[in-house]
Amino acid sequence: MAAGTIRYWAAAKAAAGTAEEPYAAATLAEALDAVRERHPGELSRVLQRCSFLIDGNPVGTRGHETVRLAEGGTVEVLPPFAGG
C-alpha cells in the first residue's frame, strides 16, 4: 500500500469540498473506492466522467485496478470542462 495525494480539479473539487486529500492504496481502483466512501453523492457521479493522471501520466483506458500507485505519488482527478 502506498500513501500520496489526490488532487481534485473543477467540478470534482467542488463536489469533494476540498482541493486535495491523502490516499493510502495500492491501485487507482482502491483509492477511488475510498474516495467514494468518504464522499458519497455528487463526487461519485462526477468521477464517472473524469480522466486521471498518475504522477503526470494519463491513465487513459487502462483498468483502474491495474494502475499501481507510488509512495508519495499524486493522482489528479480531471473532470471534463468547456474548452478542454
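Rules behind the numbers
Residues numbered from 1 in each chain as written. Predicted model: local features only at pLDDT ≥ 70, side-chain atom pairs only at ≥ 80, totals over all residues. Heavy atoms only, no water. Helix = DSSP H or I, 4+ residues; strand = E, 2+ residues; numbered from the N terminus. Rg over C-alpha atoms; globule rule 2.2 N^0.38 Å. Buried < 20%, exposed > 50% of the residue type's maximum accessible area, 1.4 Å probe, protein only. Contact = heavy atoms within 4.5 Å. Areas by Shrake-Rupley, 256 points an atom, 1.4 Å probe, with all protein chains shown as cover. Lys, Arg positive; Asp, Glu negative; His and termini not counted. Charge placed at Lys NZ, Arg CZ, Asp CG, Glu CD. Core = buried A, V, L, I, M, F, W, Y, C linked by side-chain atoms within 4.5 Å. Salt bridge = Lys/Arg side-chain N within 4 Å of Asp/Glu carboxyl O.

A. Spatial organisation of the overall build of the protein. Along the backbone of the protein there are three helices and five strands. The linear arrangement of helices and strands in the protein, starting from the amino end, is β-α-β-α-α-β-β-β. Against the 2.2 N^0.38 benchmark of 12 Å for 84 residues, the protein shows a C-alpha radius of gyration of 12 Å, consistent with a compact globule. Principal axes of the C-alpha set define a box for the protein whose edges measure 30 × 25 × 20 Å. Expressed as a percentage of the 84 residues in the protein, the buried residues total 39%. A separation of at least 24 residues holds for 60% of the contacts in the protein among residues at least 6 apart in sequence. Accessible surface for the protein amounts to roughly 4800 Å². Of this, 53% is attributable to carbon and sulfur atoms. When the 8 positive and 10 negative side-chain charges of the protein are each reduced to one mean point, those points stand 5 Å apart.

B. Looking closely at the nonpolar core. Among the nonpolar cores identified, the biggest contains 22 residues, and Leu28, Phe52, Val75 and Val77 are the most heavily contacted of them. Counting only elements with at least two residues in this core, the list comes to strand E1 (2-8), helix H1 (10-16), strand E2 (20-25), helix H2 (28-38), helix H3 (42-47), strand E3 (51-54) and strand E5 (74-78). Sorting elements by how many residues they give to this core places H2 first, with four residues. Setting aside anything within four residues of it in sequence, one finds Phe52 in contact with Leu28, Leu32, Leu47, Asn57, Pro58, Val59, His64, Val75, Glu76 and Val77.

C. Here's a closer look at the pattern of salt bridges. Scanning all chains against the criterion turns up five salt bridges. Notably, a salt bridge pairs Asp33 with Arg36, separated by 3.4 Å at the nearest N-O pair. Here Asp33 and its partner Arg36 are both found in helix H2, three residues apart, which amounts to about one turn of the helix. We classify Asp33 as partly exposed; its relative accessible area is 43%. Classification of Arg36 as partly exposed rests on a relative accessible area of 32%. Taking the shortest distance from any N to any O, the salt bridge between Arg45 and Glu42 comes out at 3.2 Å. In this pair, Arg45 and Glu42 are both assigned in helix H3, three residues apart and thus about one turn of the helix distant. Using a relative accessible area of 44% as the deciding quantity, one classes Arg45 as partly exposed. Note on Glu42: relative accessible area 41%, which makes it partly exposed. Bridged by salt links that share partners, the residues Arg7, Glu20 and Glu76 form one connected network.

The values are spatial; any link to function lies outside them.
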